[in-house]
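Structural overview for review
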Amino acid sequence: MQKKIVLFGIVLLAVAFALSAQSVERVSFASMGDWTPGAGSWEVVNGRLQQTGLPAPLARIDRRTNQRGVYEIEFIIRYLDGGFYSEADLMNDEFHAGFGVQLGGTNPVLGRASWGVGQSYLLWLNLDTRMSTLRNSPEHFGFRAQVYESRSNTNMSLLSGQAVMDQIQQPVASLDILALTGLTLEDLVGFLDAPVRVNIRVNTNTGEVGVLDPTAPIRYFMQLDPRILRGDYISLRTNNLSTSYSNFVIRR
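Just so you know, these numbers come straight off a predicted model, no measurement behind them. (Residues numbered from 1 in each chain as written. Predicted model: local features only at pLDDT ≥ 70, side-chain atom pairs only at ≥ 80, totals over all residues. Heavy atoms only, no water.)

What follows concerns the overall build of the chain. Secondary structure assignment for the chain yields seven helices and 16 strands. In summary, the chain has a C-alpha radius of gyration of 19 Å against a globular reference of 18 Å for 252 residues, a match within 12%. A principal-axis box enclosing the C-alpha atoms of the chain has dimensions of 70 × 40 × 35 Å. The buried share of the chain, reckoned over its 252 residues, is 46%. Across the chain, the fraction of contacts at a sequence separation of at least 24, relative to all contacts at a separation of at least 6, is 68%. For the chain, the accessible surface area stands at approximately 13200 Å², while carbon and sulfur atoms represent 57% of it. Between the mean site of the 22 positive side-chain charges and the mean site of the 23 negative ones, the chain shows a separation of 11 Å. (Helix = DSSP H or I, 4+ residues; strand = E, 2+ residues; numbered from the N terminus. Rg over C-alpha atoms; globule rule 2.2 N^0.38 Å. Buried < 20%, exposed > 50% of the residue type's maximum accessible area, 1.4 Å probe, protein only. Contact = heavy atoms within 4.5 Å. Areas by Shrake-Rupley, 256 points an atom, 1.4 Å probe, with all protein chains shown as cover. Lys, Arg positive; Asp, Glu negative; His and termini not counted. Charge placed at Lys NZ, Arg CZ, Asp CG, Glu CD.)

Quick look at the structure:
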């Protein structure tokens, strides 16, 4: 029993040491600071970073951030506007919008629009309920969690290959969240008026990336190429969506 108590005490000390050794960088939005706007209309309002341009399909803002080892980024996102192109689309439940975080960015075209961000990965949430998408690009239809691989500022596509097939049993990294969880569009509407916490943990040594479920204490993991994850920029991106951000934290 005494040995167990001593061992338990050692474990607690190790955990306490790990927590105390953790570096926490809190990114203030008192001003634009280290963020460089690309496409879209980015501004700081009352301590929040906002993207208000619509439709702004390639809205992006970059921040130089050393991505080596293990780190975690966390922030609060709020919906402001957008997600549909016309009142008729809104009445017919035809939505199209996206939001994501680009990790491992190298040599972005700062201050300008671009499709990709050098060699990097884009973790993307995409909502597309248009019938034309269902007919022509079913891999994008629904409410999807997607991973894009960027090879250059002009070349980016959904991650594919045997590694993707092994992990999610699908040819491309695009998972229909509504089909997997049983959620409905009405459920999604409930999130529009509430702040949503985004938390992403990245291990650039192993390539493991874990995204925390904002509705439950569950983290979803995917194995990516650690060499691509080791970059110098992170980016916030939106498509046809106006959003605001606060409480941005980087933990190492």
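Following the structure, the description resumes.
What follows covers the environment of Gly47. Relative to the helices and strands, Gly47 resides in the loop between strand 3 (42-45) and strand 4 (48-51). For the pair Gly47 and Asn247, spaced 200 residues apart in the sequence, the C-alpha separation amounts to 9.4 Å.

As a further point, take the side chain of Ser246. By the element assignment, Ser246 lies in strand 16 (residues 241-251). In terms of polar contacts, Ser246 uses its side chain to reach the side chain of Arg48, at 3.0 Å. Excluding residues within four positions of it along the chain, Ser246 makes contact with Phe29, Arg48, Phe75 and Ile76. (Polar contact = N/O pair within 3.5 Å; in protein donor to acceptor, adjacent residues only side chain to side chain.)

Let's shift gears to the nonpolar core. Counting residues in each nonpolar core, the largest one holds 37 residues, and the members touching the most others are Phe75, Leu103, Ile200, Leu236, Tyr245 and Phe248. In this structure Phe75 touches Phe99, Val101, Val196, Arg197, Val198, Leu236, Tyr245, Ser246, Asn247 and Phe248, once residues within four positions along its chain are discounted. Of all hydrophobic cores here, the second largest spans six residues; its members include Leu127, Phe143, Ile177 and Leu188. (Core = buried A, V, L, I, M, F, W, Y, C linked by side-chain atoms within 4.5 Å.)

Once that is clear, we can look at the pairing of strand 3. As paired strands, strand 3 and strand 4 are joined by four bridges and run antiparallel to one another. Looking across to strand 4, one finds that Trp42 is bridged to Gln51. (Pairing = 2+ DSSP bridges.)

Computed from the structure, the second largest pocket encloses a volume of approximately 260 Å³. Trp115, Trp124, Asn126, Tyr148 and Asn239 are, among the 17 residues lining the second largest pocket, the residues nearest its centre. Mapped onto the lining of the second largest pocket, the elements with two or more residues apiece are strand 8 (120-128) and strand 15 (233-239). Partitioned by chemical class, the residues of the lining of the second largest pocket number eight nonpolar, six polar and three charged. (1 Å grid on protein atoms, 1.4 Å probe; cavity = no way out; pocket = protein on both sides within 12 Å on 5 of 7 lines; lining within 4 Å. Points joined across faces, edges and corners; volume = space filled by probe spheres on them. Nonpolar A, V, L, I, M, F, W, Y, C, P; charged D, E, K, R; others polar.)

We now examine the pattern of salt bridges. Scanning the model with the defined rule gives eleven salt bridges in all. Across the pair Asp232 and Arg68 runs a salt bridge whose closest N-O atoms are separated by 3.6 Å. One end of the pair, Asp232, is in the loop between helix 7 (226-229) and strand 15; the other, Arg68, is in the loop between strand 5 (59-64) and strand 6 (70-82), and 164 residues separate them in sequence. A salt bridge links Asp128 to Arg130; the nearest nitrogen and oxygen atoms lie 2.8 Å apart. (Salt bridge = Lys/Arg side-chain N within 4 Å of Asp/Glu carboxyl O.)

On to the packing of aromatic side chains. Summed over all chains, the structure comprises eight aromatic pairs. For the pair Phe75 and Tyr245, a centre-to-centre distance of 5.9 Å together with 65° between the ring planes defines the contact as edge-to-face. Taken together, the residues Phe75 in strand 6 and Tyr245 in strand 16 connect sequence positions 170 residues apart. Tyr245 matches Phe75 in its accessibility class, with the two residues each being buried. Judged by centre distance (6.2 Å) and plane angle (35°), the rings of Phe99 and Tyr245 are tilted. Here Phe99 is found in strand 7 (residues 96-105), whereas its partner Tyr245 is found in strand 16, with 146 residues between them in sequence. Like Phe99, the residue Tyr245 is buried in the burial classification. (Phe/Tyr/Trp six-rings, centres within 6.5 Å; stacked < 30°, edge-to-face > 60°.)

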